[in-house]
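Structural characterization, general
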Protein chains: 6
Amino acid sequence: MKVKVSRKAHFNAAHRLYNKDWSFEKNDAVFGKCNNPKFHGHNYDLIVSVTGEIDPETGYVMDMKVLKDLIKEEVEEAFDHKNLNMDVAEFAELNPTAENIAVVIWNKLRPHINTANEIEVVLYETPRNFVTYSG
Amino acid sequence: MKVKVSRKAHFNAAHRLYNKDWSFEKNDAVFGKCNNPKFHGHNYDLIVSVTGEIDPETGYVMDMKVLKDLIKEEVEEAFDHKNLNMDVAEFAELNPTAENIAVVIWNKLRPHINTANEIEVVLYETPRNFVTYSG
Amino acid sequence: MKVKVSRKAHFNAAHRLYNKDWSFEKNDAVFGKCNNPKFHGHNYDLIVSVTGEIDPETGYVMDMKVLKDLIKEEVEEAFDHKNLNMDVAEFAELNPTAENIAVVIWNKLRPHINTANEIEVVLYETPRNFVTYSG
Amino acid sequence: MKVKVSRKAHFNAAHRLYNKDWSFEKNDAVFGKCNNPKFHGHNYDLIVSVTGEIDPETGYVMDMKVLKDLIKEEVEEAFDHKNLNMDVAEFAELNPTAENIAVVIWNKLRPHINTANEIEVVLYETPRNFVTYSG
Amino acid sequence: MKVKVSRKAHFNAAHRLYNKDWSFEKNDAVFGKCNNPKFHGHNYDLIVSVTGEIDPETGYVMDMKVLKDLIKEEVEEAFDHKNLNMDVAEFAELNPTAENIAVVIWNKLRPHINTANEIEVVLYETPRNFVTYSG
Amino acid sequence: MKVKVSRKAHFNAAHRLYNKDWSFEKNDAVFGKCNNPKFHGHNYDLIVSVTGEIDPETGYVMDMKVLKDLIKEEVEEAFDHKNLNMDVAEFAELNPTAENIAVVIWNKLRPHINTANEIEVVLYETPRNFVTYSG
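Calculation criteria
- Residues numbered from 1 in each chain as written.
- Chains lettered and ligands numbered in written order.
- Predicted model: local features only at pLDDT ≥ 70, side-chain atom pairs only at ≥ 80, totals over all residues.
- Heavy atoms only, no water.
- Helix = DSSP H or I, 4+ residues; strand = E, 2+ residues; numbered from the N terminus.
- Buried < 20%, exposed > 50% of the residue type's maximum accessible area, 1.4 Å probe, protein only.
- Contact = heavy atoms within 4.5 Å.
- Areas by Shrake-Rupley, 256 points an atom, 1.4 Å probe, with all protein chains shown as cover.
- Lys, Arg positive; Asp, Glu negative; His and termini not counted.
- Charge placed at Lys NZ, Arg CZ, Asp CG, Glu CD.
- Salt bridge = Lys/Arg side-chain N within 4 Å of Asp/Glu carboxyl O.
- Least-squares fit on C-alpha atoms with pLDDT ≥ 70 in both.
- Buried area = accessible area lost by both parts, 1.4 Å probe.
- Polar contact = N/O pair within 3.5 Å; in protein donor to acceptor, adjacent residues only side chain to side chain.
- Nonpolar A, V, L, I, M, F, W, Y, C, P; charged D, E, K, R; others polar.
- Axes fitted to C-alpha atoms, helices over the stretch in contact; angles between N-to-C directions.
- Parallel < 35°, antiparallel > 145°, perpendicular 65-115°, else oblique.
- Left-handed = near helix turned anticlockwise from the far one by under 90°.
- Expected span 1.5 Å × (residues − 1).
- Bend = angle between axes of the 7 residues up to and from the residue.

As a further point, take the overall build of chain A. Of the regular secondary structure elements, chain A holds four helices and five strands. The secondary structure elements of chain A, listed N-terminal to C-terminal, are β-α-β-α-β-α-α-β-β. Here chain A, with 135 residues, has 61% of them falling under the buried criterion. Sequence-distant contacts in chain A: of pairs separated by 6 or more residues, those separated by 24 or more amount to 66%. By element, 51% of the accessible surface of chain A is carried by carbon and sulfur atoms, the whole surface being about 5500 Å². One finds the centroid of the 16 positive side-chain charges in chain A at a distance of 5 Å from the centroid of its 21 negative side-chain charges.

So this is what it looks like as structure tokens:
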């Protein structure tokens, strides 16, 4: 009896999308106003899901409070009210697109969750743009 | 041409999370304030999805009105404005975690839906905590 | 330049609606399934608004973090994961309808907020039922 | 590293559900008030998802602006503020149920998206009724 | 102790915006694609609020079940799955803009609610366009 | 017959909260992580409401398309994907708190709207923090 349990979290951050190896003109052509060198920002909504067997003693796949605290420690404290390009080591060389942020979050969470369980990360950059990564 | 059709419903209920075979102290350590012996409660949001072939005569996989009425009879009338632990037979011995409630709902619906179709149950305990069960 | 600043919070609780001076039959006729003696429950969403002048030094009417912490101390810690009828002193004799809960919350917050500022409390019992109280 | 990127859009339209080969009575029995010959209507919310590899140069699976513009050209301009039965060629002979609209949208988008990528269409007819089609 | 109690409802309908005394060209210039003679449609969300004193015996300003049933009888049964221009008498001569629909709803509800209480109608034509009328 | 018509819009921006005349330490004590010198950001949701009489010829208080375009020109083009502190003249000397942003938006819109009509601006900095300004 596999169940997927999901926890929603959020963080607010500034970022700029660009490729360091490209000219400003090429970055402008590809990333448009997301390439503003003075940055723009988002309220990111994050849903982390963990799929596994229900523990018959607790009725839990994973205690949501534990998942909530894990997201807080690994993601919110690292990203919230930060400039992703300048304050977060993972994006020093990696363009902080929604796709790449989702992969980074998945990689940060993976070592802390039972390896028998699968992880899925959904990241909303805006209510209209979001991405899903499952490893 | 398989399509998944989904219907959202809701019910309000009281519950308490605990394991009858444990001491109050152990329940408190594991379930925290969810172990309040006087109960707390939630507005549960429920999404039931049925996946199958489109009937070429109607353009429906399953009539949403039929699905709506089935959820009402099997789930809302049994759970709405109830104390899950005390009023609902399925939870007399089973801890009413979101995971277990989703499995119980899936089992209640399964006999009433065409066996050629798959069923998925998503249950929101709060807008930030939810679970998914597909059998 | 008066501005209204608003902060959203939430708590989960069990309750039962009834009038102690009435028979069970009369309570049943008036409160229906809300009169379940074993309780039911809700995820309450709460919006507290404070209206006042912008402080020219901070650009704030009231620091949202302060408002957030005040709601946490006065409302969430008192009501969250509680049985409103049995665990909360204010409802020992008062029917915990959405209307009465909103008035109780307003009265709990009023002494802690600058008297030059007006307070408004919006309380959602469900996404479809909510009440507003402004003193 | 496959990621699913999703873009939300919407359109407003009138429609009527019925089978041309059936009597009015049979249509009424099956489709109820959806069979109103003078039409009714909906605000349709649409989520289109594209799953593929992240391009290491851009950090994108697919530029969301390109996806947004594609949905606008292929879906919104064809369906928005239209009578689906009378104004949209695809529904001249096909009942515009949510299921069939989702399949039509998927078929309209498929030729314009990299064949290495998978497409999923989620269509909300109302916030409580929605369908998912993945080809 | 005046409290405002609010109840959310919804209905789906087709409509066309135009002024019968104008040419098609003028209607097109003013109402654009809302002037489609074959109609378009919306999921209308409706919030009806009633402001009054709390009854000390019930703790209610007005029983939400009574308000829910009143909205169902007066508004949902008259407007849901209808063509507002053709099926609803009030719009035979009145352009069914959100503004006019809100006024019509307010006028339909006013005779059924205690005259000591104030009424407010909020009508969402889409999640981005809405109107408020208080008499 | 006065009606309030409301239009929802949004923009994404980076900002930093601080008072130029204060030390970094004092700014840190007052604004906390909002004082990150490298900025953070938000998805701002904006609701602009205009209250006035219904024009009997159109049934409109104000054409929502005109209001939508006005918000786009005056607010979205000035603020979207910008660094509020560095890119927007109004905040060169003014702390871009939600309160101050709402007042700036109101002042930008006021000259473009019929003086017989009242304007209200609601600005969501996050889904949990928002402000309202009515002039």
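Resuming the write-up.
Taken as a whole, this structure holds 36 salt bridges over all chains when the rule is applied. Between K65 of chain B and D63 of chain B there is a salt bridge whose closest N-O contact spans 3.5 Å. Put simply, K4 of chain E and E120 of chain E hold a salt bridge, and the shortest N to O gap is 3.4 Å. You can see K4 of chain E sitting in strand 1 (residues 2-15) and its partner E120 of chain E sitting in strand 4 (residues 118-126), a full 116 residues away along the chain.

On to the relation of the copies chain F and chain A. Of the transformation superimposing chain F on chain A, the axial component is 0.0 Å and the angular component is 180°, with the fit at an RMSD of 0.0 Å. What we have between these two chains is a two-fold relation.

Let us now look at the interface of chain F and chain A. Accessible area lost on assembly of the parts is the figure often given for the size of an interface. On the side of chain A, 21 residues touch chain F, which itself brings 21 residues to the contact. Interface area, chain F with chain A, both sides summed: about 1800 Å², of which 52% is carbon and sulfur. The three residues of chain F that bury the most area against chain A are K38, N43 and H81 of chain F, which together make up 35% of that side's buried surface. D87 of chain A is paired through a salt bridge with K38 of chain F; the nearest N and O atoms lie 3.5 Å apart. In this structure, the connection of chain F to chain A is made through 17 residue pairs in polar contact (both at pLDDT 80 or more). In terms of residue count, strand 2 (residues 40-53) of chain F provides more of the side of chain F that touches chain A than any other element does, four residues in total. Residue composition of the side of chain F that touches chain A, by class: six nonpolar, nine polar and six charged.

So, on to the packing of helix 2 (residues 64-79) of chain F against helix 4 (residues 98-109) of chain F. Residue and element names in this part refer to chain F. Running from amino to carboxyl end, helix 2 crosses helix 4 at an angle of 140°, the nearest separation of the two axes being 10 Å. Classified by the angle between their axes, helix 2 and helix 4 sit oblique to one another. Where helix 2 crosses over helix 4, the two elements pack in a sense that is right-handed. Residues L70, E74, V75, A78 and F79 of helix 2 pack against I101, V104, I105, K108 and L109 of helix 4. The residue inventory of the contact of helix 2 with helix 4, partitioned by class, reads eight nonpolar, no polar and two charged.

Residue and element names in this part refer to chain F. Summarising the element assignment, T51 is placed in strand 2. The buried category is assigned to T51, whose relative accessible area is 18%. When neighbours within four sequence positions are excluded, T51 is seen to be in contact with K2, V3, K4, V61, A116, N117 and E118.

All right, on to helix 2 (residues 64-79) of chain D then. Residue and element names in this part refer to chain D. Spanning 16 residues, helix 2 covers 21 Å between terminal C-alpha atoms, matching the ideal 22 Å at 1.5 Å per step. At K72, helix 2 shows its largest kink, close to 40°. If you check which residues of helix 2 are buried, you get M64, L67, L70, I71, E74, V75 and F79. The N-capping residue of helix 2, defined by a side-chain oxygen 2.9 Å from the backbone nitrogen of K65, is D63. Two residues or fewer after helix 2 comes H81, characterised by a positive phi angle close to 60°.

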